[in-house]
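What follows is each chain in one-letter form.
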Amino acid sequence: MKPTVAPFPSSRLRRTRQSSAIRALVRSNSLSVDDLIWPVFVRDGKDTEEPVPSMPGVMRRSVDLIAKAAREAADLGIPAICLFPYTDTSLKTEDCAEAWNPDNLCNRAIRAIKDAAPEIAVMTDVALDPYNINGHDGYVVDGEIVNDATVEALVKMALTQAESGADIIGPSDMMDGRIGAIRKALEQDGHHNVMILSYAAKYASSFYGPFRDAVGASGALSGDKNTYQMDPGNSDEAMRLIERDLAEGADMVMVKPGMPYLDICRRAKETFGVPTFAYQVSGEYAMLQAAAQNGWLDGEKVMLESLLGFKRAGCDGILTYFAPEAARLLAA
Ligand SMILES: NCc1[nH]cc(CCC(=O)O)c1CC(=O)O
């Protein structure tokens, strides 16, 4: 669409910016609590929480406190919460068997949240990195991250999450064929309504650093994730990945990270028109918080502005560590 602009002074584009009421009237995009998914970190213990040093304001919480946090999030109107386990090193192995233990941290947290806050949707992460002795999302055989054997493990992992009550399965591993394999297994086991939000366009990004600290994977990770996560220079490839994941049965798709990849969000939404999400990742959160803590930026304002940017780029929602704070500000 080509904008029509009458010659000055017939057209004065400042007319529609003259007051807060008029600006509200003509505003095209807005942010609401309905747009938020809150990622949280789960640890073992009881009544225990500890701060994540590289993510000021973010906690690792024991299962009982995760349930309490989910209750608070539901009361704020946040529609979904996403679980990431901080797994004890003693449970990390080469075969990653803890990933499909029905009583692992993530699965216990799903059940506790379903008890405490049945109305909030629970999303899970499907990837082997929290359970892998070498920190990779897939099995490593002779230095190679092997695809097909990893997919079999991911299917087992996704099934125990669905059995524990997860509403949305979030494969973040970037293996080929995992969406189709997980969808088939979910259907076979009667989980017809379990949704898949595919991390379809996930880039090999340096913005994940603080997250890897938060889940205790930084020390374990050997090498990089460049043979499975996407090259940051590519855009057409993101469209192929999204199309492929939709064809395999994904209900919703994600672009990750968020702020440096808004062009991909816009292109994905325009190309496919499906529910599209962005993940404002740990490094994006950390940089905004760090600048705010130094007094260099107005923390609340840049938070809301950054989240609105995702809506303008075409996203239906955002995974953000700011979710509870944003929800409180939006309600005020
Ligand atoms: N499967 C791992 C996973 N799931 C979500 C994130 C990153 C989230 C963030 O940085 O906030 C990562 C990190 C990675 O791929 O190394």
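What counts, and at which threshold
- Residues numbered from 1 in each chain as written.
- Predicted model: local features only at pLDDT ≥ 70, side-chain atom pairs only at ≥ 80, totals over all residues.
- Heavy atoms only, no water.
- Near = heavy atom within 4 Å.
- Polar contact = N/O pair within 3.5 Å; in protein donor to acceptor, adjacent residues only side chain to side chain.
- Areas by Shrake-Rupley, 256 points an atom, 1.4 Å probe, with all protein chains shown as cover.
- Nonpolar A, V, L, I, M, F, W, Y, C, P; charged D, E, K, R; others polar.
- Core = buried A, V, L, I, M, F, W, Y, C linked by side-chain atoms within 4.5 Å.
- Buried < 20%, exposed > 50% of the residue type's maximum accessible area, 1.4 Å probe, protein only.
- Helix = DSSP H or I, 4+ residues; strand = E, 2+ residues; numbered from the N terminus.
- Contact = heavy atoms within 4.5 Å.
- Salt bridge = Lys/Arg side-chain N within 4 Å of Asp/Glu carboxyl O.
- UniProt positions renumbered as here; feature names shortened; annotations may be inferred.

J.: Would you explain the site of the ligand in this entry?
T.: The environment of the ligand is formed by 18 residues, the closest being Lys 202, Arg 212, Lys 256, Ser 282 and Tyr 321. The contact in question runs from an oxygen atom of the ligand to an N or O atom on the side chain of Gln 229, over 2.8 Å. Here Ser 282 contributes a side-chain N or O atom positioned 2.7 Å from an oxygen atom of the ligand. When the ligand is considered free in solution it has 410 Å² of accessible area, and contact with the protein chains removes 100% of it. Residues belonging to the shell around the ligand are distributed by class as follows: eight nonpolar, three polar and seven charged.

J.: Which parts of the structure should I look at to understand the nonpolar core?
T.: Side chains that are nonpolar tend, in soluble globular proteins, to be buried together. Within the largest apolar cluster, 108 residues are counted, with the highest numbers of intra-cluster contacts made by Phe 41, Leu 83, Met 123 and Tyr 279. Per-element tally for this core: the top contributor is helix H4 (residues 148-164), with eight residues. Every residue in contact with Met 123, bar those within four places of it in the chain, is listed here: Ile 37, Ile 81, Cys 82, Leu 83, Ile 168, Gly 170, Leu 197, Tyr 199, Met 254 and Leu 319.

J.: Before we go on, may I ask you to explain the side chain of Arg 183 in this structure?
T.: Structurally, Arg 183 can be placed in helix H5 (residues 178-188). Among the residues examined, Arg 183 registers a relative accessible area of 13% and is labelled buried. Sequence-distant contacts of Arg 183, that is, excluding residues within four places in its chain, are made with Val 194, Met 195, Ile 196, Glu 248, Gly 249 and Asp 251.

J.: I keep staring at the pattern of salt bridges and nothing clicks. Help me out?
T.: Two side chains that carry opposite charge are able to pair once their charged atoms sit near each other. Evaluation of the coordinates by the stated rule reveals 21 salt bridges. Among the ionic pairs, Glu 248 bridges to Arg 244, the shortest N-O distance being 3.8 Å. Bridged by salt links that share partners, the residues Asp 173, Asp 176, Arg 178, Arg 244, Asp 245 and Glu 248 form one connected network.

J.: Help me understand the UniProt feature "active site" (unreviewed entry) in the protein chain, please; the structure alone is not making it clear to me.
T.: In the numbering used here, UniProt assigns the feature "active site" (unreviewed entry) to Lys 202 and Lys 256. In three dimensions, the annotated residues from a span of 55 residues occupy one location, with a maximal C-alpha spread of 4.8 Å. Take Lys 202: it is sitting in strand S9 (residues 195-202). For Lys 202, the residues in contact, after removing those within four places along its chain, are Asp 137, Ser 172, Met 174, Tyr 208, Gln 229, Met 230 and Lys 256. Looking at Lys 202, its side chain comes within polar contact range of the main-chain oxygen of Ser 172, at 3.0 Å. Overall, the relative accessible area of 8% leaves Lys 256 in the buried class. If near-sequence neighbours (up to four positions away) are discounted, Lys 256 is found in contact with Tyr 199, Ala 201, Lys 202, Tyr 203, Tyr 208, Tyr 279 and Val 281.

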